[in-house]
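Survey of secondary and tertiary structure
Each chain, written out:
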Amino acid sequence: MKILQINAVYGFSSTGIITKDIENLLQKEGYESFVAYQTATAPPENSYKIGNKLDWKLHALYSRIFGKQAYASKGATKKLIKYISQTAPDVVHLHNLHSNYLNLNLLCDYLADENIPTVISLHDCWYFTGKCTHYSAIGCQKWQTYCGDCPLNKYEQPSLFFDSTAKVLKDKTNRLNKIPNLTLAGCSNWITNEAKKSLLTPTNIETVYNGVDTDIFNPHQNDFRKTHNIGDDFLILGIANKWCLPENEKSVKEIIENLKDSKIVIIGCTEAQKDMYKKYDNVLTLGYITNRQELSDIYASSDVFVNLTHADTLPTVNMEAICCGTPVITYDCCGSPELIDNDSGFVVVEDDITALLEKIKFIKSNPLEINIAEKHKKFDKNTCYNRYLEIYKKITEKS
């Protein structure tokens, strides 16, 4: 069986690692695996690069002006379609297509006309909205019926002049719904249920969790605390892309000032973000970390991971922390809570600072004993991605 995955990135970032992990599993199980991508680190042998930098920039400009992402790059998409025809895959698996490199209408028309079984991984909400990847923070429900007058039009994938969300939603859903054999795979129960409320009418829809590499993310001894002179201090871990959001400023300040006898590490900081925390003696800021073993060392050294997310389909960081033996405290938002069991952390209401501090202090006084074997079985990447192999088999039998 031949499987072609299409994603914006390969080998890095969350969806790029997922694409690579699925490809490795396919090869291990004897499938023919192909990947089409925009950007890659060490692209695999059977792969195809979509477009070029000039085309991507023109596409981004078109999107910025007209508010229509995935409408340009017609030439690049026609070449991709030619590659798909030559490869003749039994299944096309779509991941992230909203990075200004591909024309969704052309691709959907081709998949529908050729009746190619198609799987879409819902890493975010883009496939069933007029433009946005997440709407939870503003509570928008327009996508269920008719987009337009978009509250995020100037903010997420900003459009300078036009609000095209009504047309984009109509085009997107009409084109996707024409694919006869379409499976949606939500990467959390939350997004699967959201997709069921949308205008999409797939043949099949189910949940397939994104997995983690438990050979890397596991409890282990390392030198992180020694290297950064942390000693035996209670260590709270946060991530800059959540902690440094304006809406989290008050919560972060409360954590820092109420837990001065603890050490707080914030990773993924820009230089400007590092400057924000220089005045706090109990805060250590680190830049973006690409090495997964180094990231695992930080998780394994921490006493609690605090995820201040207001919009996340399924935070891989939660799973990585838990698999390293570190409990998680997260807001009751989107797919994040469903990763937390009784022994692996706590869920608090969004922006409830009192509850947030109480749970951090509770873990500080009463360390949780996570059932590592159970969590590894649940979150291991091969266990999770074997579900895709089952889906591939099922949908090709129907075609």
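Every value quoted in this text rests on a predicted model; they were computed, and no experiment measured them.

**Some points on the overall build of the chain**
When helices and strands are counted, the chain shows 15 helices and 13 strands. Computed over its C-alpha atoms, the radius of gyration of the chain comes to 22 Å, within 12% of the 21 Å expected for a compact globule of 399 residues. Seen through its principal axes, the chain has C-alpha atoms that stretch 65 × 50 × 35 Å. The buried share of the chain, reckoned over its 399 residues, is 58%. For the chain, contacts bridging at least 24 residues in sequence account for 66% of all contacts bridging at least 6. Of the accessible surface of the chain, which amounts to about 17,300 Å², a share of 48% is contributed by carbon and sulfur atoms. Of the side chains in the chain, 44 bear a positive and 48 a negative charge, and the two mean positions are spaced by 7 Å.

**Things to note about the pattern of salt bridges**
Taken as a whole, this structure holds 17 salt bridges when the rule is applied. Of the charged contacts, one joins Asp 343 and Lys 375 as a salt bridge, the two residues approaching to 2.8 Å between their closest N and O atoms. You can see Asp 343 sitting in the loop between strand S12 (328-331) and strand S13 (345-348) and its partner Lys 375 sitting in helix H14 (residues 372-379), a full 32 residues away along the chain. We note that Asp 343, like Lys 375, is buried. Look at the salt bridges and you will find they share partners, linking Asp 341, Asp 343, Glu 374, Lys 375 and Lys 378 into a network.

**Thoughts on the packing of aromatic side chains**
The full count for this structure, using the stated rule, is 12 aromatic pairs. Centre to centre, the rings of Tyr 62 and Phe 66 are 4.9 Å apart; their planes meet at 40 degrees, and the pair counts as tilted. Linking Tyr 62 with Phe 66, this pair stays in helix H2 (residues 53-66), spanning four residues, or about one helical turn. For Tyr 62, a relative accessible area of 28% translates into the label partly exposed. Between the aromatic rings of Tyr 388 and Tyr 392, the centroid separation amounts to 6.4 Å while the plane-to-plane angle is 20 degrees, which identifies the pairing as stacked. A residue pair is termed a helical-turn pair when its members lie 3 or 4 positions apart in one helix, as Tyr 388 and Tyr 392 do in helix H15 (residues 381-398) at four residues. Just as Tyr 388 is buried, Tyr 392 falls in that class too. Pairwise contacts between aromatic rings join Phe 128, Tyr 135, Trp 143 and Trp 190 into one cluster. When the ring centre of Tyr 71 is taken as reference, the NZ or CZ atom of Lys 68 above it lies at 5.4 Å.

**A few points about the sheet that holds strand S9 (residues 263-267)**
If you trace the six strands from one edge of the open sheet to the other, you get S10-S9-S8-S11-S12-S13, paired in parallel fashion. One side of each edge strand has no neighbouring strand; the edge strands of this open sheet are strand S10 (283-285) and S13. This sheet shows a mean twist of 20 degrees between the axes of neighbouring strands, independent of strand direction. With three bridges connecting them, strand S11 (residues 304-307) and S12 associate as parallel partners. The partner of Phe 305 across the bridge, within S12, is Val 328. Running at roughly 145 degrees to S9, helix H9 (residues 249-258) makes contact with strand S8 (235-239), S9, S10, S11 and S12 of the sheet. On the sheet, helix H13 (residues 353-365) packs against S8, S11, S12 and S13 and is oriented at approximately 170 degrees with respect to S13.

**Brief notes about the sheet that holds strand S5 (residues 118-122)**
Reading across the sheet, the seven strands line up as S3-S2-S1-S4-S5-S6-S7 and stay open at both edges, with parallel pairing between neighbours. If you trace the sheet from one side to the other, it starts and ends with strand S3 (47-49) and strand S7 (204-207), each paired once. Neighbour-to-neighbour, the strand axes of the sheet open up by a mean angle of 20 degrees, direction not taken into account. The pairing of strand S6 (residues 182-186) with S7 spans four bridges and is parallel. Its bridge partner lying in S7, Leu 184 is registered against Ile 205. Of the strands in this sheet, S5, S6 and S7 are in contact with helix H6 (residues 189-196), which crosses S7 at around 155 degrees.

**Considerations on H13**
Compared with an ideal rise of 1.5 Å per residue, which puts 13 residues at 18 Å, H13 spans 18 Å between its outermost C-alpha atoms and is within 8% of the ideal. Listed in full, the buried residues belonging to H13 are Ile 353, Ala 355, Leu 356, Leu 357, Ile 360 and Ile 363. Contacts made by the buried residues of H13 are with S8, H9, S11, S12 and S13.

**Considering a nonpolar patch on the surface**
A cluster of nonpolar side chains, Phe 66, Leu 160, Phe 161 and Phe 162, forms an exposed patch at the surface whose accessible area comes to about 420 Å². Note on placement: Leu 160 falls in the loop between S5 and helix H5 (165-177). By relative accessible area, which is 46% here, Leu 160 ends up partly exposed.

**Details of a negative patch on the surface**
Together, Glu 247, Asp 332, Glu 350 and Asp 351 line one region of the surface with negative charge. Here Asp 332 shows up in the loop between S12 and S13.

**A word on the side chain of Thr 330**
With respect to the helices and strands, the residue Thr 330 is situated in strand S12. The exposure class of Thr 330 is buried, given its relative accessible area of 0%. Here the side chain of Thr 330 touches Ser 336 through a polar contact of 2.6 Å, side chain to side chain. Excluding anything up to four places from it in sequence, Thr 330 contacts Asn 307, Thr 309, Asn 318, Ser 336, Pro 337, Ile 340, Phe 346, Val 347 and Val 348.

The rules behind these values
Counting restarts for each chain, with residues numbered from 1 along the sequence as it is written. Residues qualify for local features only when their pLDDT is at least 70, as the model is predicted, and side-chain atom pairs are given and counted only at 80 or more; totals for whole chains, interfaces and linings, by contrast, use all residues. In computing side-chain properties, one takes all heavy atoms of the structure into account and sets aside hydrogens as well as water. For helices the rule is a DSSP run of H or I covering at least 4 residues; for strands it is a run of E covering at least 2, with both sets numbered from the N terminus onward. In this description the radius of gyration comes from C-alpha coordinates, and the expected globular size is given by 2.2 Å times residues to the power 0.38. Categorising residues by exposure relies on relative accessible area from a 1.4 Å probe, with only protein chains included: less than 20% of the type maximum marks a residue as buried, more than 50% marks it as exposed, and the intermediate range marks it as partly exposed. Two residues qualify as a contact provided that any one of their heavy atoms is within 4.5 Å of a heavy atom in the partner residue. Exposure was quantified through the Shrake-Rupley algorithm and a 1.4 Å probe, taking into account, for residues, occlusion by the shown protein chains and nothing else. Only four residue types enter the charge count, namely Lys and Arg as positive and Asp and Glu as negative; His and the chain termini do not. The atoms used to mark charge sites are NZ of Lys, CZ of Arg, CG of Asp and CD of Glu. The salt bridge criterion pairs a side-chain nitrogen of Lys or Arg with a carboxyl oxygen of Asp or Glu, the two atoms within 4 Å. Paired rings are identified among Phe, Tyr and Trp, the last through its six-membered ring, by centres lying within 6.5 Å, and are further divided according to the angle between planes into stacked (under 30 degrees), edge-to-face (over 60) and tilted (the rest). Counted as over-ring charges are cases with an Arg CZ or a Lys NZ within 6 Å of the ring centre that also lie within 35 degrees of the ring normal. Between any two strands, pairing holds if DSSP finds at least two bridges. Interaxial angle, 0 to 180 degrees, is taken between N-to-C directions of lines fitted to C-alpha atoms, where a helix line uses only the stretch in contact. Under the convention used throughout, the expected extent of a helix is 1.5 Å for every residue step, that is, one less than its residue count. Patch membership needs two things, relative accessible area over 30% and no salt bridge, and members are linked within 9 Å if like-charged or within 5 Å if nonpolar (Val, Leu, Ile, Met, Phe, Trp, Tyr). Here a polar contact is taken to be a pair of N or O atoms separated by no more than 3.5 Å, where protein atoms must pair a possible hydrogen donor with a possible acceptor and residues adjacent in sequence count only if both atoms sit in side chains.

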